[in-house]
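Listed below are the residues making up each chain.
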Amino acid sequence: MKLSDLSKNDVFKIIDFQDVCDDMQKRLISLGANKNKMGQILNKGFFGPVEVEFDGTKIAIGRGMAKKIRVKHYECPIFNNELK
């Protein structure tokens, strides 16, 4: 599954990066988007970047880049119920 496939409030873990150049991968890692890192989608509209949070750090990832980040989706019913 790709980061771009997830919806608002979805919780995920980064599996790996596909076709991402070394400089961009280093930039993502410096922002907290490491392999095996858990995160949550904060906002995702029809246009614009995907806003995510890692350990309290909020970042925006462009749609093209979000399509290159493979993730595993996790169901967190307790956390998601608190958001409603």
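Counting from 1, residues in each chain are numbered in the order their sequence is written. Per-residue local features of the predicted model are confined to residues with pLDDT of at least 70, and side-chain atom pairs are confined, for both listing and counting, to 80 or more; whole-chain, interface and lining totals are unaffected and use all residues. Computation of side-chain values covers all heavy atoms of the structure but excludes hydrogens and water.

Draft legend 1. Quick peek at the overall build of the protein chain. Here a helix means four or more residues in a row that DSSP labels H or I, a strand means two or more in a row labelled E, and each is numbered from the N terminus. When its secondary structure is counted, the protein chain shows three helices and five strands. Here the globule rule reads 2.2 Å times residues to the power 0.38, and the radius of gyration is calculated from C-alpha atoms. For the protein chain, the C-alpha radius of gyration of 12 Å lies close to 12 Å, the compact-globule estimate for 84 residues. Considered along the principal axes of its C-alpha atoms, the protein chain spans approximately 40 × 25 × 20 Å. Here's how the labels work: a residue is buried when its accessible area is under 20% of the maximum for its type, exposed when over 50%, partly exposed in between, all with a 1.4 Å probe on protein chains only. Across the 84 residues of the protein chain, 29% fall into the buried class. Within the protein chain, residue pairs in contact and separated by at least 24 positions form 61% of the contacts whose partners lie at least 6 positions apart. Contacts are assigned to residue pairs with any non-hydrogen atoms lying within 4.5 Å of each other.

Draft legend 2. Seen up close, the pattern of salt bridges. Salt bridge criterion: a side-chain nitrogen from Lys or Arg within 4 Å of a carboxyl oxygen from Asp or Glu. Inspection of the entire model under this criterion finds two salt bridges. Asp16 serves as the salt-bridge partner of Arg70, at 3.1 Å between the closest nitrogen and oxygen. In this pair, Arg70 is assigned in strand β5 (residues 69-74) and Asp16 in strand β1 (residues 11-17), connecting sequence segments 54 residues apart. Looking at Arg70, the relative accessible area reads 32%, which means it is partly exposed. Residue Lys37 is joined to Asp55 by a salt bridge in which the shortest nitrogen-to-oxygen separation is 2.5 Å.

Draft legend 3. The side chain of Asp10, seen in detail. Structurally, Asp10 is set in the segment before β1. A distance of 3.4 Å separates a polar atom in the side chain of Asp10 from a polar atom in the side chain of His73. Once you skip the residues sitting within four places of it in the chain, Asp10 turns out to touch Gly39, Gln40, Ile41 and His73. Any pair of nitrogen or oxygen atoms within 3.5 Å is treated as a polar contact; in protein, a donor-acceptor pairing is required on top of that, and neighbouring residues in sequence qualify only through side-chain atoms on both sides.

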